[in-house]
Structures are given as C-alpha cells and as structure tokens.
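Descriptive analysis of the structure
If you want the building blocks of each chain, they are given just below.
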Amino acid sequence: MIDIHDILTAIHGHIARQMKCSLDDLHREGKVFIRDDDRPGRYIKILSIRDADLIAVSPALYGEAVCRLKDRSRDELYESDYVFGQTLRYVPDVRQMQLRPFPGGADVEMLCGDDISRLRGIRGFDNALSFDKEGRTPTRIVVYAKYGGDIAGLAGASYVDESLREVGVDVRKGFRGRGLASALVHALTAELLARGKVPFYSASVTNIASQAVAIRSGYMPLWTDTYGVRETERVYKA
C-alpha cells in the first residue's frame, strides 16, 4: 500500500521537473529564482511548498522579475502584476482517509483504459473527463454514479506521468450537496492507491466547494501555484 513517503517522493519529483529545480530547492526557506531557458517571451510561474517560493522565469523576464520580486512577501508574489490565478494542490492523507458512502440509490460503475471510450460524447463532466476530436482522452480510470439510469456524477483520473494521476470530479446540478462528489473522489482515490498510483487533486482558490470536496474526500493541501501570466507588458521604475 502506498504511504505518505511514496506520495511525497512522487510529488516532489513532479514539482522539480515542472519547475526545473532541484529537490533540495523544495526544502529551502524563502524565494528560489529559476531561469527557464526553454520558455520564450515573458513567462513566469510561482509555486509555493512549505517555506519555499519557487519562481521559474523566462530569460526575457528574468532580470526584471528578480529585481521586482526578491523582497516581496508570499502574498505579494501572488498579487504581483506578472501573474493571475492560484491553484491549491492536494494529496491523499492516507492516515485519515475513511470510506465515504454514496447517497442512497446510486448505481456505481468503474471504467478503465479503452473502455472509457464508451462515454465519448458525454456532456457536463469536463473537469473529470474530456475527449479530443479524435476521441482520445488522458483519463485512465473513471468512477461514476447513476440514478435512474442517468449519470449524476463522475470522477476521473488523468495521466500525468507513470506514477501520478490528477483527479477531477463533476456532479450535475440537481445532485449536488448530497456528498456525491466526495464519495466519488474517495472511491477513485482508493482504487488508484491500490493500483500503486499517486493521485492529487486541484482546486482554484476561488472554488470553495471544490476545496471542501478535497478535504471531505480525505485529501490535505500540499502546495499552491499560479496558472496565468499577464500578457500586458508594463514599464516599471526602479
């Protein structure tokens, strides 16, 4: 069974590859600026884990960003003119995960691999499952609940790398507020852990309902990052 050490090892490796930093950087205190030579134009991404604030910057913006951000607090970093949007990232708290019952009357099903193509054309579950024009999807496993033959909620796990899967969930409006989302996420998470995969869950800082689902499903917050770079260039005085 996967334990918290396995989870952290997989997540730390993922972050280090994404931010092009060292594993030691994740355990530093304060800001760590990383020059990402593969990023064109004015690119910046900020990621915070524990006491470290990792700031990956393209060459075109690096000198300016270091000058303007080096003395900023964490809150000020995320409110700077360079970025917008924050995502909270959660991992399973395997010490506290408890079975979440499905609301009464649910018919719960699971699909894996190529069988997921049976759901092609489904609408309203874009956070959990989506297909491209050729019918391909990064989702590797789904758990869904039917009521009266119709899918009311669906949780899906998309491929990140060989070890990691990102979990998403959608519940139709008429079925929300019953604990269905957390039951789906928990069931999917338990299946992933049993298969030796490390799941993580993402929620915007403005989406309180999604954050609540994460906590009720047995997840705990581990890191946060930005997802947008402001396109407008501004002239700043030193």
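What counts and what doesn't
Residues numbered from 1 in each chain as written. Predicted model: local features only at pLDDT ≥ 70, side-chain atom pairs only at ≥ 80, totals over all residues. Heavy atoms only, no water. Helix = DSSP H or I, 4+ residues; strand = E, 2+ residues; numbered from the N terminus. Salt bridge = Lys/Arg side-chain N within 4 Å of Asp/Glu carboxyl O. Buried < 20%, exposed > 50% of the residue type's maximum accessible area, 1.4 Å probe, protein only. Pairing = 2+ DSSP bridges. Axes fitted to C-alpha atoms, helices over the stretch in contact; angles between N-to-C directions. Contact = heavy atoms within 4.5 Å. Phe/Tyr/Trp six-rings, centres within 6.5 Å; stacked < 30°, edge-to-face > 60°. Lys NZ or Arg CZ within 6 Å of the ring centre and 35° of its normal. Polar contact = N/O pair within 3.5 Å; in protein donor to acceptor, adjacent residues only side chain to side chain. Arc of directions from axis to C-beta.

1. As for unusual backbone geometry
- For Lys 20, which is not glycine, the phi torsion reads 55° and is therefore positive.
- Assignment of secondary structure puts Lys 20 in the loop between α1 (4–19) and β1 (30–35).
- Non-glycine residue Arg 50 carries a positive phi angle of around 55°.
- By the element assignment, Arg 50 lies in the loop between β2 (44–49) and β3 (52–57).

2. Topic: the pattern of salt bridges
- Under the criterion given, the structure shown has 18 salt bridges.
- Put simply, Asp 225 and Arg 89 hold a salt bridge, and the shortest N to O gap is 3.2 Å. Pair noted here: Asp 225 is in strand β10 (residues 219–229) and Arg 89 is in strand β4 (residues 83–92), with a separation of 136 residues, a long-range link.
- Of the charged contacts, one joins Glu 191 and Arg 195 as a salt bridge, the two residues approaching to 2.7 Å between their closest N and O atoms.
- The exposure class assigned to Glu 191 is partly exposed, which follows from its relative accessible area of 23%.
- The structure contains a network of salt bridges with shared partners spanning Lys 20, Asp 36, Asp 38 and Arg 39.

3. Concerning the sheet that holds strand β8 (residues 164–171)
- Strands sit in the order β1-β3-β2-β10-β4-β9-β8-β7-β6-β5 across an open sheet of 10 strands; the sheet is mixed. Because the sheet does not close on itself, it has two edges, and the strands there are β1 and β5 (107–112). The mean angle between the axes of side-by-side strands here comes to 25°, regardless of whether they run parallel or antiparallel.
- Sheet topology note: the β2/β10 ladder contains 3 bridges and is antiparallel. In the sheet register, Leu 47 faces β10, and the bridge partner there is Asp 225.
- Contacting β4, β8, β9 (198–204) and β10, helix α5 (residues 208–216) runs over the sheet at an angle of about 155° to β9.

4. Looking at the packing of aromatic side chains
- Taken as a whole and assessed by the stated rule, the structure comprises 5 aromatic pairs.
- With a centroid separation of 6.2 Å and 75° between ring planes, the pair formed by Tyr 90 and Tyr 201 is classed as edge-to-face. Residue Tyr 90 is located in strand β4, and its partner Tyr 201 is located in strand β9; the two are separated by 111 residues in the primary sequence. Both residues of the pair, Tyr 90 and Tyr 201, belong to the buried class.
- Between the aromatic rings of Tyr 147 and Phe 175, the centroid separation amounts to 5.4 Å while the plane-to-plane angle is 25°, which identifies the pairing as stacked. Separated by 28 residues along the polypeptide, Tyr 147 in strand β6 (residues 139–147) and Phe 175 in the loop between β8 and α4 (180–194) bring together distant segments of the chain.
- Clustering of aromatic rings is evident, with ring pairs tying together Tyr 90, Tyr 201 and Tyr 219.
- A cation over a ring is seen here: Arg 39 above Tyr 43, with NZ or CZ 4.2 Å from the ring centre.

5. Re the side chain of Thr 137
- Relative to the helices and strands, Thr 137 resides in the loop between β5 and β6.
- One polar contact links the side chain of Thr 137 to the main-chain carbonyl oxygen of Ser 130, over a distance of 2.8 Å.
- At a separation of 3.1 Å, a polar atom in the side chain of Thr 137 contacts the main-chain amide nitrogen of Thr 139.

6. Section: the environment of Glu 191
- Note that Glu 191 resides in helix α4.
- Residues Glu 191 and Phe 125, 66 residues apart in the sequence, show an inter-C-alpha distance of 20 Å.
- Setting aside anything within four residues of it in sequence, one finds Glu 191 in contact with Met 110 and Ile 141.

7. Some details on α5
- Turning to α5, its buried residues are Ser 210, Gln 211, Val 213 and Ala 214. On an axial view of α5, the arc spanned by its buried residues comes to 155°, and they lie on one face. Exposed residues pointing more than 90 degrees away from the buried face of α5 are listed as Ile 208 and Ala 209.
- A positive phi of about 95° marks Gly 218, the residue just after α5.

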